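Observations on the model geometry
Spelled out from the first residue to the last, the chains are:
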Amino acid sequence: MPALKLLTLPPAVAESWDWQLEAACRDRDAALFFHPDNERGDARDDRIAAAKEVCRTCPVQAQCLRHALRTREPYGIWGGTTEDERRAARSRGRAGSLSL
Ligand code: SF4
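Residues numbered from 1 in each chain as written. Predicted model: local features only at pLDDT ≥ 70, side-chain atom pairs only at ≥ 80, totals over all residues. Heavy atoms only, no water.

1. Quick word on the overall build of the protein chain
The number of helices and strands found in the protein chain is 4 helices and 0 strands. If you list the helices and strands of the protein chain from N to C, you get α-α-α-α. For the protein chain, the proportion of its 100 residues judged to be buried stands at 32%. Across the protein chain, every contact between residues at least 6 apart in sequence was considered, and the portion connecting residues at least 24 apart equals 46%. As displayed, the protein chain offers around 7400 Å² of accessible surface, 55% of which is attributable to carbon and sulfur atoms. (Helix = DSSP H or I, 4+ residues; strand = E, 2+ residues; numbered from the N terminus. Buried < 20%, exposed > 50% of the residue type's maximum accessible area, 1.4 Å probe, protein only. Contact = heavy atoms within 4.5 Å. Areas by Shrake-Rupley, 256 points an atom, 1.4 Å probe, with all protein chains shown as cover.)

Here it is, written out as structure tokens:
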């Protein structure tokens, strides 16, 4: 008979994600925040501007940005920043300058 193993459940993650329940983008199309393949120029600029406008009204923008910086989110608009803005701030050692 195989030995009985006690299973250890992973820790609850609700605490680290519950801020998303308040997110202004919660009912928005995710395509606004994540660029489609081959998006360029004005289409990209317009989409980013529209996504940032949503972020400006978001009550959890600071938590969202903190999450994106902590987890190095590689894609999308998080906390009112683009992936390029977060990457550039990290490479300059100034990710804290993006904090709200
Ligand atoms: S800051 Fe922007 S991306 Fe983050 S939860 Fe709010 S609306 Fe969504």
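Additional details are given in the paragraphs that follow.
2. Remarks on the pattern of salt bridges
For the structure on display, the rule yields 4 salt bridges. The shortest N-O distance in the salt bridge between Glu85 and Lys52 comes to 2.7 Å. Taken together, the residues Glu85 in helix 4 (residues 83-91) and Lys52 in helix 2 (residues 41-56) connect sequence positions 33 residues apart. By relative accessible area, which is 31% here, Glu85 ends up partly exposed. (Salt bridge = Lys/Arg side-chain N within 4 Å of Asp/Glu carboxyl O.)

3. Overview of the side chain of Arg47
Locating Arg47 in the fold gives a position in helix 2. On the basis of relative accessibility, which here comes to 9%, the residue Arg47 falls in the buried class. Setting aside residues no more than four positions away along its own chain, Arg47 makes contact with Ala31, Leu32, Phe33, Phe34, His35, Pro36, Glu39 and Ile77.

4. So, the site of the ligand
Surveying the vicinity of the ligand reveals the residues Ala23, Cys25, Phe33, Val54, Cys55, Cys58, Gln61, Cys64, Ile77 and Gly79. Where the shell around the ligand is concerned, the elements lending two or more residues are helix 2 and helix 3 (61-71). Among the residues forming the shell around the ligand, the class breakdown is 8 nonpolar, 2 polar and no charged. (Near = heavy atom within 4 Å. Nonpolar A, V, L, I, M, F, W, Y, C, P; charged D, E, K, R; others polar.)

5. Some points on the packing of aromatic side chains
Tallied over the entire structure, the rule returns 2 aromatic pairs. Between Trp17 and Trp19 the ring centres are 6.3 Å apart and the planes differ by 20°, which places this aromatic pair in the stacked class. Overall, the relative accessible area of 34% leaves Trp17 in the partly exposed class. An angle of 80° between the planes, with centres 6.5 Å apart, marks the rings of Phe34 and Trp78 as edge-to-face. (Phe/Tyr/Trp six-rings, centres within 6.5 Å; stacked < 30°, edge-to-face > 60°.)

6. Some details on the side chain of Thr82
Summarising the element assignment, Thr82 is placed in the loop between helix 3 and helix 4. Judged by its relative accessible area of 8%, Thr82 falls in the buried class. Every residue in contact with Thr82, bar those within four places of it in the chain, is listed here: Ile48, Lys52, Gly76 and Ile77.

7. Structural notes on the confidence of the model for the protein chain
Per-residue confidence for the protein chain gives a mean pLDDT of 87, with 81% of residues at or over 70. Element-level pLDDT for the protein chain is lowest in helix 1 (residues 14-17), with a mean of 67, against a maximum mean of 98 in helix 2. (pLDDT = per-residue confidence, 0-100.)

8. Considering unusual backbone geometry
Both trends apply: most residues other than glycine have a negative phi, and most peptide bonds are in trans. Positive phi, close to 65°, is recorded for Asn38, a residue that is not glycine. When its relative accessible area of 66% is taken as the criterion, Asn38 is described as exposed. Non-glycine residue Arg72 carries a positive phi angle of around 55°. By relative accessible area, Arg72 is classed as exposed at 55%.

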